[in-house]
Amino acid sequence: MHKCKIAPAIELSSISKTFVTTSGDLVHALDDTSIVIHSGEFITVVGASGCGKTTLLRLIAGLEHCTSGTIVINGARQAGPSEQAGIVFQDPTLLPWRTVLQNVLLPVEVLRLDAVTYGRRARALLDTVGLKDFENKYPHELSGGMRQRVAIARALVIDPEMLLMDEPFGALDALTRDQLNLELLDIWSATQKTVLLITHSITESVFLADRVIVMSPRPGRVLEELAIDLPRPRTLDMINNQDFGRYARRIRGLLDAHINGHHGSRRL
């Protein structure tokens, strides 16, 4: 198992989040959610569409404020967007008029950091994600998987303490997704970052994680946290073994039971 430091990197205590729609309706996205994530852990969050997974990530990133509860990042109460978090979304959101290297360096420019020092880091990251020869290419010249690799390098360029990923590979084909999952584990192992990854995929959630957090339908609550006791480094062959299947069936059972129960209660 990956070794973790003792102090929590992220601590959510009784988080709730309610949105007000443009029509004035209330949407209760998260309810009484508490999670502790330790430094260096790889955590995945899995649940049905609309269960509050993305809201959870945005709250941790400081892009949204919780309605109630507290969020503590590395011992300090969170007060807004943090340079401690690198974020990767499903859409890589690269600027089409900037080269690959220029896209990776965007956070460096925004934060007015040293261009020479971080230029070296950006090139090293592009080498790490397999894009050493593509730094002067433009986004339209890249495949979907390559664009997402650029987004990962951009998220890591300022050396954040945690990496927050919102279904980063959800739009990719299965073979590319598998390859990027393996590459992500290599990057995580090399950098010792704290990683929180949101996914719809039960297989992906088990394959990547130290722990899987299973969320209920909206309003999102933690149904269960499963510690994944599979050896590392992970290989794709593990997906077919008995222990992997046991974890996947447990998560599927939790999701099916609550989704069916949720739908049933709505019909009453």
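This structure is a prediction, so every number in the text was calculated from the model and none was measured.

This part is about the nonpolar core. Core analysis: the largest hydrophobic core is formed by 51 residues, its most contacted members being Phe42, Leu126, Leu163, Met165, Leu184, Val214 and Ile251. Examining the composition of this core, we find that seven residues originate from one element, helix 5 (residues 144-156), more than from any other. When residues no more than four places from it in sequence are discounted, the contact partners of Leu163 are Gly86, Val88, Ala155, Leu156, Leu184, Thr194, Val195 and Leu196. Within the second largest apolar cluster, 24 residues are counted, among which are Ile43, Ala61, Ile198 and Met215.

This next bit is on the sheet that holds strand 5 (residues 76-77). One open sheet accounts for four strands, arranged 2-1-4-5; its pairing is antiparallel. Edge positions in the open sheet fall to strand 2 (26-38) and strand 5, since each of these has one partner strand only. Direction of pairing for strand 1 (residues 8-20) relative to strand 4 (residues 68-73): antiparallel, over a ladder of five bridges. Bridge pairing in strand 4 links Ser13 to Thr70. Helix-sheet contacts for helix 1 (residues 53-61) involve strand 1, strand 2 and strand 4, and the interaxial angle to strand 1 is about 120 degrees.

Okay, the sheet that holds strand 3 (residues 42-46) next. Judged by pairing direction, the sheet is mixed, and its six strands sit side by side in the order 6-7-8-3-9-10 without closing on themselves. Of all the strands in the sheet, just strand 6 (85-88) and strand 10 (222-227) have a single pairing partner and so form its edges. Averaged over all adjacent pairs, the angle separating strand axes in this sheet is 15 degrees, with direction ignored. The pairing of strand 6 with strand 7 (residues 162-166) spans four bridges and is parallel. Within the sheet, the bridge partner assigned to Ala85 lies in strand 7 and is Met162. Across the face of the sheet, helix 5 comes into contact with strand 6 and strand 7 while running at roughly 170 degrees to strand 6.

This brings us to the layout of surface pockets. Roughly 510 Å³ of volume is contained in the largest pocket. The wall of the largest pocket is formed by 20 residues, among which Ser82, Ala85, Gly86, Ile87 and Pro107 lie closest to the centre. Elements that contribute at least two residues to the lining of the largest pocket include exactly strand 6, helix 3 (106-110) and helix 5. Partitioned by chemical class, the residues of the lining of the largest pocket number 15 nonpolar, three polar and two charged.

On the surface, a nonpolar cluster with roughly 230 Å² of combined accessible area is contributed by Val110, Leu111 and Leu113. Relative to the elements of secondary structure, Val110 occurs in helix 3.

Orientation of helix 5 relative to helix 6 (residues 174-191), taken along the N-to-C sense of each, is 20 degrees, at an axis distance of 11 Å. As far as their axial angle goes, helix 6 and helix 5 are roughly parallel. As for how helix 5 packs across helix 6, the hand of that crossing is right-handed. Along the contact surface, helix 5 presents Gly145, Gln148, Arg149, Ile152 and Leu156, while helix 6 presents Thr176, Gln179, Leu180, Glu183 and Ile187. For the contact of helix 5 with helix 6, the per-class residue count stands at four nonpolar, four polar and two charged.

Here helix 5 contains 13 residues, and its C-alpha end-to-end distance of 19 Å stays within 8% of the 18 Å for a straight helix at 1.5 Å per residue. Helix 5 sits mainly inside the fold: eleven of its 13 residues count as buried. For helix 5, the complete set of buried residues consists of Gly145, Met146, Gln148, Arg149, Val150, Ala151, Ile152, Ala153, Arg154, Ala155 and Leu156. In this fold, the buried residues of helix 5 make contact with strand 6, helix 2 (100-104), helix 3, helix 4 (115-128), strand 7 and helix 6.

The rules behind these values
Residues numbered from 1 in each chain as written. Predicted model: local features only at pLDDT ≥ 70, side-chain atom pairs only at ≥ 80, totals over all residues. Heavy atoms only, no water. Core = buried A, V, L, I, M, F, W, Y, C linked by side-chain atoms within 4.5 Å. Buried < 20%, exposed > 50% of the residue type's maximum accessible area, 1.4 Å probe, protein only. Helix = DSSP H or I, 4+ residues; strand = E, 2+ residues; numbered from the N terminus. Contact = heavy atoms within 4.5 Å. Pairing = 2+ DSSP bridges. Axes fitted to C-alpha atoms, helices over the stretch in contact; angles between N-to-C directions. 1 Å grid on protein atoms, 1.4 Å probe; cavity = no way out; pocket = protein on both sides within 12 Å on 5 of 7 lines; lining within 4 Å. Points joined across faces, edges and corners; volume = space filled by probe spheres on them. Nonpolar A, V, L, I, M, F, W, Y, C, P; charged D, E, K, R; others polar. Patch = residues over 30% accessible without salt bridge, like charges linked within 9 Å, V, L, I, M, F, W, Y side chains within 5 Å. Areas by Shrake-Rupley, 256 points an atom, 1.4 Å probe, with all protein chains shown as cover. Salt bridge = Lys/Arg side-chain N within 4 Å of Asp/Glu carboxyl O. Parallel < 35°, antiparallel > 145°, perpendicular 65-115°, else oblique. Left-handed = near helix turned anticlockwise from the far one by under 90°. Expected span 1.5 Å × (residues − 1).

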